[in-house]
Amino acid sequence: SATSFAGNFTGVASGITGTPNIVVGIMTGTLNGDGSSLTGIAATNWIANNVTANSSTTTVNLSLGNVVKFTQSADTTVSFANTGTSNIVSFIRDGANYTITWPSSIKWNGGSAPTLNTVSGESDVITLLTRDEGVTWYGWETVNKEYAVKKGLWAWGRNSHGELAQNNLTLYSSPVQIGSDEAWSSVGFTMDDGCQAAVKNGQLFTWGYNNKGSAGHSNIQQDHRLSSPTQVPGTNWSGWITSCKSKTITTKTDGTLWSWGYNGQGQLGLNQGSGDNTHSQSSPCRVGSDTDWSTESGKCSMASADTFAIKTDGTLWSWGMNDYGAIGQNNRTQYSSPAQIPGTNWLYVQGGNHNVLATKTDGTLWGWGLNGDGQLGLNNVNIHYSSPVQIPGTTWHRPSGQGSAFVVSRTDGTLWSMGYNMPGFVGSNDRIYRSSPTQMPGTTWDKDKVRMEGGSISALKTDGTLWFWGRNFKGEAGTSQAYAQIKAYSSPVQVPGTWTDVGGKGGYATIALK
């Protein structure tokens, strides 16, 4: 056995014995020259690897670096190439409204992939680790930089219940700002005389029609109205609120689900029996004890008689009246607490009038429930379904609708409509009903900013312009043309200005952010 060493040592020291006095240390000094003849030097390098994801598949070549700066302009499936025996990868992604499908070999901390930020300027940093050349990866999110873009709040249309928050009941046929506050971050989506809602700094404000306590202010009077934004108790509201027919649902940032208002058929999910006002709630009530409800826009929907919500694991849950099988349980039994709909990987959901459309992460579109006007897009009418049925196509993104008709965005920026078309929903200058998806004009629609309700559609394009078509009963088009002048538009017309989001719609009133 060796007893001492002098000079240079190369190789692996695993076989050295009998040397209790070996000292391992770090030496520093001055290097003269360019170092080109040095050998035996090894280190863990952190090298930037710029990757652009602009197609459905993206391969990350790890031989180019393990600090991946990921720029995304399309929904994509990620894979890794040239993975070393042991790799630590920092995956840095700027916020973008596109999805990533990760390799199935990644074992995520907490059991599921992190929710990625969708707003430019926000960012995610994800750490990936492998010790077996990528056969198994371990992944976790190390940084989540998120902020909400804050804008002014505007409204127009009917105002008979104070829906426009102007402290009056005057109709406005062009946009008018609600106060002077520029701190609003999100607006709610309202159907069929629900209350209006918006969020700023994690605080939820509601106004308008407060029938059966749907505004959440501990007042259940039928004709109670609020003509200015009034704060709902609580903090850390997530920002996505839906209100329909005197009931409201939303989430908090901690993943809890809350509902209030009318509960005649168990629509609030509180495991209470039927009854008109007996079980209605005029302040927020937590739905169950789960903390894994998705807080993203479009993940929960309060429909006319049924309620739908998606969890962070991609499961879809429903409850309520269940006429025509809208709960998706292959029956017509009423449910007063959440019941899981078969299937996984659900992406977005939109309930209507005893029916629903929902998309999955694989781009498929599914419908079930009432189909009297062909609104499920299955090329038939008056055939109703009590469990999900697939609608042809694999590039569907997000549905919106009111029950007698639906509009669905696709990943390519197009919009497609199906069902009732009397007010000109389809936007093609006719009023012919469609029982299968029909494309609307345009190819640059913002796939997440489309709202259909009250006989009309409001939709943003990717350039921030806002467009309207359908009924214009109370000036809800925002074009300064009231019902007496133009009752409906059968093709898109532009609302003046540049906008960031649109909501409202319930009861012929529109609210939006700019």
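Above: the structure in question.
Procedures and definitions
Residues numbered from 1 in each chain as written. Predicted model: local features only at pLDDT ≥ 70, side-chain atom pairs only at ≥ 80, totals over all residues. Heavy atoms only, no water. Helix = DSSP H or I, 4+ residues; strand = E, 2+ residues; numbered from the N terminus. Buried < 20%, exposed > 50% of the residue type's maximum accessible area, 1.4 Å probe, protein only. Contact = heavy atoms within 4.5 Å. Pairing = 2+ DSSP bridges. Axes fitted to C-alpha atoms, helices over the stretch in contact; angles between N-to-C directions.

1. Describing unusual backbone geometry
Glycine aside, negative phi is the norm for most residues, and most peptide bonds take the trans geometry. Look at N167: it is not a glycine, yet its phi comes out positive at around 60°. Note that N167 resides in the loop between β10 (153-157) and β11 (172-177). Judged by relative accessible area, which is 58%, N167 ranks as exposed. Within the chain, N322 stands out as a residue other than glycine whose phi angle is a positive 75°. Positionally, N322 belongs in the loop between β23 (316-320) and β24 (335-341).

2. Focus: the environment of L415
Its place among the elements puts L415 in strand β31 (residues 415-419). Once the C-alpha coordinates of L415 and T443 are considered, the two residues, 28 residues apart in sequence, prove to be 7.6 Å apart. Each residue touching L415, except ones within four places of it in the same chain, is listed here: V407, V408, S409, T438, Q439, M440, W445, V450, A459 and W469.

3. A short note on the sheet that holds strand β36 (residues 488-495)
The strand order across the open sheet built from four strands is β33-β34-β35-β36, with neighbouring strands paired in antiparallel fashion. With partners counted over all chains shown, the strands left at the sheet margins are β33 (445-453) and β36, one partner each. Each strand of the sheet is rotated relative to its neighbour by a mean of 15°, with strand direction disregarded.

4. What to know about the sheet that holds strand β21 (residues 300-302)
What the four strands build is an open sheet, ordered β21-β22-β23-β24; its pairing is antiparallel. A strand with exactly one partner marks an edge of an open sheet, and here the two such strands are β21 and β24. Averaged over all pairs of adjacent strands, the angle between their axes in this sheet comes to 15°, without regard to strand direction. Across four bridges, the pairing between β23 and β24 is antiparallel. Following the sheet pairing, W317 is matched in β24 by Q340.

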